[in-house]
Amino acid sequence: MSQISSTSQNATTGALFMVTASLAFAGTNALQSVLPWQFGMSSTGMAFWQYVIASVLALPLILRIGVDKLRTRHPLAHEVRAFVSALGVHVFVYGFAAGVPIWQMVTLLSTGPLFIILGSTLFLGERASAPRIVAAMVGFTGAIIVSGVGSEGVTWHTLIPVAAAALWAVTDVLTKYLAREEPPETLTLSLLVLVTPNHLFILLVVNALAWLSPATVPAELATGFPFQLPTGAGLWLLLLLGALTALARYFSSFAYKKADATFLQPFGDLQVPLSGLIGWIFLGQVPSMWFWPGAALILAASSFILWSETDRGQRLSLA
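About the criteria used
- Residues numbered from 1 in each chain as written.
- Predicted model: local features only at pLDDT ≥ 70, side-chain atom pairs only at ≥ 80, totals over all residues.
- Heavy atoms only, no water.
- Patch = residues over 30% accessible without salt bridge, like charges linked within 9 Å, V, L, I, M, F, W, Y side chains within 5 Å.
- Areas by Shrake-Rupley, 256 points an atom, 1.4 Å probe, with all protein chains shown as cover.
- Salt bridge = Lys/Arg side-chain N within 4 Å of Asp/Glu carboxyl O.
- Helix = DSSP H or I, 4+ residues; strand = E, 2+ residues; numbered from the N terminus.
- Core = buried A, V, L, I, M, F, W, Y, C linked by side-chain atoms within 4.5 Å.
- Buried < 20%, exposed > 50% of the residue type's maximum accessible area, 1.4 Å probe, protein only.
- Contact = heavy atoms within 4.5 Å.
- Polar contact = N/O pair within 3.5 Å; in protein donor to acceptor, adjacent residues only side chain to side chain.
- Lys, Arg positive; Asp, Glu negative; His and termini not counted.

Things to note about a nonpolar patch on the surface
Side chains of L277, W280, I281, F282, L283, V286 and W292 sit close together on the surface and give an oily, nonpolar patch of about 730 Å² of accessible area. Residue placement: I281 occurs in helix 12 (residues 271-283).

Pasting the structure below:
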């Protein structure tokens, strides 16, 4: 009975951590849309400095926890996870810089649960129960409603967040795989330490291509000054972006330690309405009429999966 109760409590704790991570991610989404347009940062430069700052801010945490937590028996898996995560960031941020509306960027990113369910089932052996599949589909439907896809037309740019979603799904599945043996501190610190060199590699490759063949590289990717920092308010916003990135990664890693990836994904969808609210409050982007029913579906999906898992645990404990 105590084991069932502990499982239910872990699911609730994991959900709360994922909601907190979603709030932090929503903040990063808003900042990633502001910095390229208002302060002229290239998408590759912004992504690089974002994770440099996040890694620097993680240094006190590294010292407090101890560098021994960075030891792992899966160095290759950590490196692949960091590279795919970095690549997903560059793809996603480029969408903002290319002018894809924030509604489409954030909501089409909610195709991620479908990729994660597939990856977790095929490669991790997790059982994707009917409630989890239903919740993922309902959350995805709500995301599409919020995005307004169809009313504004779909171009190849709308595939950018879908590509980012697929890349980050690989990152999430690898996170869950590594979390079976390693603590969230190791997962968070290894990502923050390894992801910055991978961002640097992508930054240098993109800018080298832009220098060798400018016509083949979109202007939003490389400005010609890859390491240039913004000044004034832009610098403070960049620092905030790095801080939110560090917090979001830590909370999401801890969530995956507590619960299954397929269970947690509907809670990740909460960044859609949260991003909408942050964009409304801080950026003056008033949501369309479709935002409210879509956001209601996403919240309903998250509430349903939590109720389903909790109710199942209670029924098992009484059996």
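Brief notes about the nonpolar core
Looking at soluble globular proteins, one finds that nonpolar side chains tend to be buried together. If you look at the biggest cluster of nonpolar residues, it comprises 60 residues, and the most contacted ones within it are M18, M46, F92, L238, F263, L264 and F267. Each residue touching M46, except ones within four places of it in the same chain, is listed here: L31, Q32, L35, P36, M41, V93, L238 and L241.

Re the side chain of N198
Position of N198 relative to the elements: it lies in helix 9 (residues 184-212). At 3.4 Å, the side chain of N198 and the side chain of E79 are in polar contact. Setting aside chain neighbours within four positions, we find N198 in contact with E79, A82, F83 and A86.

Some thoughts on the side chain of E182
Along the chain, the position of E182 falls in the loop between helix 8 (159-179) and helix 9. The side chain of E182 sits in the buried core without any salt bridge; R73 is the nearest counter-charge, 6.3 Å away. At 2.4 Å, the side chain of E182 and the side chain of T72 are in polar contact.

Some words on the environment of M18
Secondary-structure assignment places M18 in helix 1 (residues 2-39). Under the relative-accessibility criterion, M18 is labelled buried at 4%. Here the alpha-carbon distance between M18 and F254, two residues 236 residues apart in the chain, equals 8.3 Å. Those residues in contact with M18 that sit more than four places away from it in its chain are S252, A255, Y256, L264, F267 and G268.

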